[in-house]
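Per-entry structural report
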Amino acid sequence: MSDTESMEVAEVDAPAVPKEKSSTAQTRKSHLPWIEKYRPTKFEEIVGNEDTIQRLSYFAQAGNVPNIIIAGPPGVGKTTTILCLARILLGPAIKDAVLELNASNERGIDVVRNQIKMFAQQKVTLPAGRHKIVILDEADSMTDGAQQALRRTMEIYSHSTRFALACNNSEKIIEPIQSRCAMLRYSQLSDAQILAKVMDICEKENASHTKEGLEAIVFTAQGDMRQALNNLQSTVNGFGHVDEKNVFKVCDEPHPILVKEMLQNCVNGDIDAAYKILAHLWKLGYAAEDLIQNIFRVCKTMDKIGEFLMLEFLKEIGLTHMKIIEGLGTLLQLSSLLARLCQVSENIET
């Protein structure tokens, strides 16, 4: 074969390379956890907390973003929101101009003195009026010494770097840092918001499901979108079909129908029938903490028993939960709860 012929063959075969790369990229994306595969990249894609996100969009339009603290329960989109903000502000420079740390692992003073300080000192070419961004996830896990060092670093490098802190409990952030930041609070996502997202993903993934199965996903998530998507993917991968039975197998939680039947027996004053269900759940190996949490969740949904009786039940459940947290997680404590619930129901009827 001549040199010219070999060159022609090379030219014909060349386009096959990018096809292999694209297929490899698609394969990698298909094997991603759904919480990463469907992680929002724009403000418009984030579910819930519309007012807070709109406030951040105003910051992004103005360009001059202050240091911010986003506080809220897990799985509501705190870190995702900060990453969306960084993409809008920095564009292609996000790879060099963003430092993301999880403060629950890297929580000591050395991290602030070394990693964060060195990043703040680096010179990066950015669009006019933009700043580098340090994202600290789980910032409420940082030690007091690290937070004091961070306070000083925020002062010194305020001309070049902005800090975005995400935490579950803002009270654990020292006041000097809080006063230097704009405080944004996220609330728990509603069941309707989680259900809409779960239905959308089921449609995109062609996942077989039932209405009861999706309701079970929402019930187990308790306002946590990350938990909902993890439970959904685990059920689809494990059983291929999302129904109520499969969801509770994957999540391994006390079945709410059994818990509801147990509470209904307490409403009727039938302690023997209620105890049989409790003993059955206990033999299945559920911890007292798991049981009391599901009892609380199910009780909140029992509208037919009347508001006053529900509040009395919730009060007794809360007192028992407090004792379990203190270490008294025994079958006797839960049995005592059932007896008190039966007594409350009888007292109200008389």
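As a reminder, the structure under discussion sits directly above these lines.
Per chain, the residues get numbers from 1 upward, laid out in the order the sequence is written. Owing to the predicted nature of the model, reporting of local features is limited to residues with pLDDT of at least 70; listing and counting of side-chain atom pairs is limited to 80 or more, with chain, interface and lining totals taken over all residues. Only hydrogens and water are set aside when side-chain values are computed; all heavy atoms of the structure are taken into account.

**A look at the overall build of the protein**
The way it works is that DSSP assigns letters per residue, a run of H or I at least four long becomes a helix, a run of E at least two long becomes a strand, and they are numbered from the N terminus. Counting its secondary structure elements, the protein contains 18 helices and 7 strands. Exposure categories follow from relative accessible area, calculated using a 1.4 Å probe and restricted to protein chains: below 20% of the type maximum is buried, above 50% is exposed, and the middle band is partly exposed. For the protein, with 350 residues in total, the buried portion stands at 44%. Pairs at least 24 apart in sequence give 74% of the contacts found in the protein among residues at least 6 apart. Approximately 18900 Å² of the protein is accessible, and the part contributed by carbon and sulfur atoms is 51%. Throughout, a contact is declared for two residues whenever any of their heavy atoms are within 4.5 Å. Areas reported here follow the Shrake-Rupley algorithm with a probe of radius 1.4 Å; residue values treat only the protein chains shown as occluding.

**Remarks on the packing of helix α7 (residues 109-121) against helix α8 (residues 144-156)**
Axis definition: a line fitted to C-alpha atoms, limited for helices to the stretch in contact. Angles are taken between N-to-C directions and run from 0 to 180 degrees. For the pair α7 and α8, interaxial distance at closest approach is 7 Å and the crossing angle is 30 degrees. With respect to α8, the element α7 is oriented roughly parallel. In contact with Ile109, Val112 and Ile116 of α7, α8 contributes Gly145, Ala146, Ala149, Leu150 and Thr153. Note on residue categories: nonpolar means Ala, Val, Leu, Ile, Met, Phe, Trp, Tyr, Cys or Pro, charged means Asp, Glu, Lys or Arg, and polar means any other residue, Gly included. Grouping the amino acids of the contact of α7 with α8 by side-chain chemistry returns 6 nonpolar, 2 polar and no charged. An angle below 35 degrees is treated as roughly parallel, one above 145 as roughly antiparallel, one from 65 to 115 as roughly perpendicular, and anything else as oblique.

**Side note on the environment of arginine 151**
Within the secondary structure, arginine 151 is located in helix α8. Considered as a pair, arginine 151 and proline 176 are 25 residues apart in the sequence and their alpha carbons are 6.8 Å apart. At a separation of 3.3 Å, a polar atom in the side chain of arginine 151 contacts the side chain of glutamine 148. Any pair of N or O atoms that falls within 3.5 Å is considered a polar contact. Within protein, one atom must be able to donate a hydrogen and the other to accept it, and sequence-neighbouring residues count only if both atoms are side-chain atoms.

**Some thoughts on unusual backbone geometry**
In this structure, asparagine 49 is a non-glycine residue whose phi angle is positive, near 50 degrees. Mapped onto the fold, asparagine 49 is located in the loop between α3 (34-37) and α4 (50-62). Overall, the relative accessible area of 11% leaves asparagine 49 in the buried class. Here the phi dihedral of glutamine 222 falls at roughly 55 degrees; this positive angle occurs in a residue that is not glycine. Within the secondary structure, glutamine 222 sits in the loop between α11 (211-221) and α12 (225-239).

**As for helix α16 (residues 288-300)**
Between the first and last residue of a helix there are one fewer steps than residues, each counted as 1.5 Å, and that sum is the expected span. Between its first and last C-alpha atoms α16 spans 19 Å; for 13 residues at 1.5 Å apiece the expected length is 18 Å, and the two agree. Three or more residues of α16 are buried, namely Ala288, Leu291, Ile292, Asn294, Ile295, Arg297, Val298 and Cys299.

**A short note on the sheet that holds strand β2 (residues 98-102)**
Strand pairing requires that DSSP identify at least two bridges connecting the strands. Read from one edge of the open sheet, 5 strands run β2-β3-β4-β1-β5, paired in parallel fashion. Sheet topology places β2 and β5 (182-185) at the edges, where each strand pairs with a single neighbour. Taking the axes of each pair of neighbouring strands and ignoring which way they run, one obtains an average angle of 15 degrees across the sheet. Sheet topology note: the strand β3 (residues 132-137)/strand β4 (residues 161-167) ladder contains 5 bridges and is parallel. Looking across to β4, one finds that isoleucine 133 is bridged to arginine 162. Along the sheet face, α4 touches β1 (68-71) and β5 and points at about 150 degrees away from the line of β5. Contacts from helix α5 (residues 78-90) reach β1, β2, β3 and β4, with the element oriented near 175 degrees to β3.

**Overview of the environment of threonine 210**
Mapped onto the fold, threonine 210 is located in the loop between β6 (208-209) and α11. Threonine 210 gets classed as partly exposed once you look at its relative accessible area, which sits at 24%. When neighbours within four sequence positions are excluded, threonine 210 is seen to be in contact with His241, Val242, Asp243 and Glu244. A distance of 3.0 Å separates the side chain of threonine 210 from the backbone nitrogen of glycine 213, its partner in a polar contact.

These results come straight from atomic positions and should not be treated as a statement about function.
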